[in-house]
Amino acid sequence: MRRKNTDHARSSRVDLVGGQNPLVRRSDRIQSRTKSVIVTLMILMLPLATWCAMSTLSSQQNRSVEQQTSRHATSAETTADATAPSTLVQSDFSSQGSTTVDAKWTYRGVEHHEEISAVTGSPAGTAIPIWVDDNGARSTQPITHADAVAAAIFTGVGSLFAVSLILLGLYSAVRFNLDSKRDAEWDLAIKNFMDSNSLS
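On a predicted model such as this, the values are computed, not experimentally measured, just so you know.

Asker: Kindly report on the sheet that holds strand β4 (residues 127-132), identifying the contributing residues and their values.
Answerer: Reading across the sheet, the five strands line up as β3-β2-β1-β4-β5 and stay open at both edges, with antiparallel pairing between neighbours. Because the sheet does not close on itself, it has two edges, and the strands there are β3 (110-119) and β5 (138-139).

Asker: Can you lay out the environment of glutamate 114 for me, pointing to particular residues and giving the numbers?
Answerer: If you trace the backbone, glutamate 114 turns up in strand β3. Taking the relative accessible area as the measure of exposure, glutamate 114 reaches 37% and is therefore partly exposed. Taking the C-alpha atoms as reference points, glutamate 114 and threonine 100, separated by 14 residues in sequence, lie 9.7 Å from one another. Those residues in contact with glutamate 114, other than ones at most four positions away along the chain, are Val101, Asp102, Ala103, Trp105 and Arg138.

Asker: Can you lay out the pattern of salt bridges for me, pointing to particular residues and giving the numbers?
Answerer: Applying the stated criterion across every chain yields a total of three salt bridges. One continuous salt-bridge network, built from bridges that share partners, spans Asp28, Arg175, Asp179 and Arg182.

Asker: Explain the packing of helix α2 (residues 26-70) against helix α3 (residues 145-196) to me, and be specific about the residues and the numbers.
Answerer: Their axes nearest at 7 Å, the elements α2 and α3 cross at an angle of 165 degrees. The orientation of α2 with respect to α3, classified from their angle, is roughly antiparallel. Judged by the sense of rotation from one axis to the other, the crossing of α2 with α3 is right-handed.

Analysis parameters
- Residues numbered from 1 in each chain as written.
- Predicted model: local features only at pLDDT ≥ 70, side-chain atom pairs only at ≥ 80, totals over all residues.
- Heavy atoms only, no water.
- Pairing = 2+ DSSP bridges.
- Helix = DSSP H or I, 4+ residues; strand = E, 2+ residues; numbered from the N terminus.
- Buried < 20%, exposed > 50% of the residue type's maximum accessible area, 1.4 Å probe, protein only.
- Contact = heavy atoms within 4.5 Å.
- Salt bridge = Lys/Arg side-chain N within 4 Å of Asp/Glu carboxyl O.
- Axes fitted to C-alpha atoms, helices over the stretch in contact; angles between N-to-C directions.
- Parallel < 35°, antiparallel > 145°, perpendicular 65-115°, else oblique.
- Left-handed = near helix turned anticlockwise from the far one by under 90°.

Distances and angles like these do not, on their own, reveal function.
Pasting the structure below:
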């Protein structure tokens, strides 16, 4: 008798779990499934974002090593006064700005001439530190290990943030659409109830 009652209670419990709650609407199930998919995709994005960050770090570190050997610091000497353009109205801010001026530098016995940026008002002959490549042409400063790490962090966090923003936007759009349908269903149900219980 006890076994029979136990089996009956167990089967009833299974029926309750396996059955669908009559109060849960189809729109509620769609929203719940959509939320589960969004959360799953965001969790799966974590290792992908980590992989992107590590790939960026590796490539940037290789680039840093290459640039450390192919970029060289030298000094350029301006050949003219760094005067502001005549169309520029002088002020406390513009006088402290920069302008382009002719300059020259020598690297490995070869003299180079090019316009560089100099502080407005600096006289001719001002020495300005620059970076050049193996041929002596103007180049940018080589990236450092800190730059590589910053680029990796930006790539990882940026990709995770971008994907999360898209997924949350999709979920918000689905929820807004479902809320609109639920509101319309409630309005229709209230209208039908009021019509069926009208005193007239």
